[in-house]
Amino acid sequence: MGNPILRLTAEKVVISELSTRGFKGLLEDMYESMKESHGIGIAAPQIGVSKQVALIELGSINRYGEVIDLPLTTFINPEIEIIDETTQGFWEGCLSVPGMRGYVERPRHIKVRFLNEKGEEQILEAEGFLATVIQHELDHLFGTLYVDRIKDPKLFMFQEEFEKYIQQAAID
Ligand code: ZN
């Protein structure tokens, strides 16, 4: 957070780029960085590349009683459509804002059109936690960080305190 690249609208990827070594290398670097930091998503600007590419991988995680599974998906030049404006809140974290957590409310039901890594057009409809994860990652391609969307600054805290006072309370 603070690096100007995170505040830009990233450049659209040109189809002819997809088959280049450079582009494949970018996807590999992104995947590696995501895994290293135990994240479930990453966007190219987070590793210093201002291009409209994001990865998300959710392997059957259970959050708030909802089981979600999304195999590794590459979102290129995505466009989001909101299907249901009703908001839902989740505690978000971000590789670009390490050690912090914040409570963010976002629309609960969305549809995304994007290209996959082969350049094929895809449509993905998502609800619940997955809808939040997708909106968080795609925000990165348009210069927005989750901290911009925290309505109540009191609900922005260190991960350590989050685990101690919020997560633990939810389990108890
Ligand atoms: Zn993030």
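The present account deals with the structure reproduced in this document.

### As for the overall build of the protein chain
Piece 1. A count of helical and extended segments in the protein chain gives 3 helices and 6 strands.
Piece 2. Sequence-ordered secondary structure for the protein chain, helices as α and strands as β, is α-β-β-β-β-β-α-β-α.
Piece 3. Computed over C-alpha atoms, the radius of gyration of the protein chain comes to 16 Å, within 12% of the 16 Å expected from 2.2 N^0.38 for 172 residues, which places it in the range of a compact globule.
Piece 4. Dimensions of the protein chain, computed from the C-alpha atoms along their principal axes, are close to 50 × 30 × 25 Å.
Piece 5. Carbon and sulfur atoms make up 51% of the accessible area of the protein chain, which amounts to about 9,400 Å² in all.
Piece 6. The distance from the centre of the 17 positive side-chain charges to the centre of the 28 negative ones in the protein chain is 2 Å.

### Here we look at the coordination of the zinc ion
Piece 1. Here the zinc ion is held by Cys94 (SG), His136 (NE2) and His140 (NE2), and the distances to it run 2.1 to 2.3 Å.
Piece 2. Here the donor residues of the zinc ion are spaced in sequence according to C-x41-H-x3-H. Note that Cys94 is positioned in the loop between strand S3 (66–92) and strand S4 (100–115) and His140 in the loop between helix H2 (128–139) and strand S6 (156–158), a separation of 46 residues in sequence. Assigned by exposure class, Cys94 and His140 land together as buried.

### Things to note about the environment of Ile56
Piece 1. Structurally, Ile56 can be placed in strand S2 (residues 53–63).
Piece 2. For Ile56, the residues in contact, after removing those within four places along its chain, are Ile40, Gly41, Leu70, Pro71, Leu72, Thr73, Phe75, Val133, Ile134 and Glu137.

### Re the side chain of Gln135
Piece 1. Along the chain, Gln135 falls in helix H2.
Piece 2. Separated by 3.0 Å, the side chain of Gln135 and the backbone oxygen of Ala131 make a polar contact.
Piece 3. Aside from chain neighbours lying at most four places away, what touches Gln135 is Ile80, Arg106, Pro107 and Ile110.

### Observations regarding the pattern of salt bridges
Piece 1. Applying the stated criterion to the full structure yields 11 salt bridges.
Piece 2. For Glu161, the salt bridge is made with Lys164, and the minimal N-O distance between the two is 4.0 Å. In this pair, Glu161 and Lys164 are both assigned in helix H3 (residues 159–171), 3 residues apart and thus about one turn of the helix distant.
Piece 3. Since its relative accessible area comes to 28%, Glu161 is described here as partly exposed.
Piece 4. Residue class for Lys164 comes out exposed when judged on its relative accessible area of 51%.
Piece 5. Linked through salt bridges whose partners overlap, the residues forming this network are Glu92, Arg106, Asp139 and Arg149.

### Some points on H2
Piece 1. Here H2 is 12 residues long and its end C-alpha atoms lie 17 Å apart, about the 16 Å a rise of 1.5 Å per residue gives.
Piece 2. Burial of H2 is extensive: 12 of the 12 residues sit out of reach of the surface.

### Things to note about a negative patch on the surface
Piece 1. Residues Glu28, Asp29, Glu32 and Glu36 make up a contiguous surface patch of negative charge.
Piece 2. Position of Glu36 among the secondary structure elements: in helix H1 (residues 21–36).
Piece 3. Glu36 sits in the exposed class, given a relative accessible area of 62%.

What counts, and where the lines are drawn
Residues numbered from 1 in each chain as written. Predicted model: local features only at pLDDT ≥ 70, side-chain atom pairs only at ≥ 80, totals over all residues. Heavy atoms only, no water. Helix = DSSP H or I, 4+ residues; strand = E, 2+ residues; numbered from the N terminus. Rg over C-alpha atoms; globule rule 2.2 N^0.38 Å. Areas by Shrake-Rupley, 256 points an atom, 1.4 Å probe, with all protein chains shown as cover. Lys, Arg positive; Asp, Glu negative; His and termini not counted. Charge placed at Lys NZ, Arg CZ, Asp CG, Glu CD. Donors = N, O, S within 2.8 Å, 3.2 Å for Na, K, Ca; no water. Buried < 20%, exposed > 50% of the residue type's maximum accessible area, 1.4 Å probe, protein only. Contact = heavy atoms within 4.5 Å. Polar contact = N/O pair within 3.5 Å; in protein donor to acceptor, adjacent residues only side chain to side chain. Salt bridge = Lys/Arg side-chain N within 4 Å of Asp/Glu carboxyl O. Expected span 1.5 Å × (residues − 1). Patch = residues over 30% accessible without salt bridge, like charges linked within 9 Å, V, L, I, M, F, W, Y side chains within 5 Å.

These values are about where atoms sit, not about what they do.
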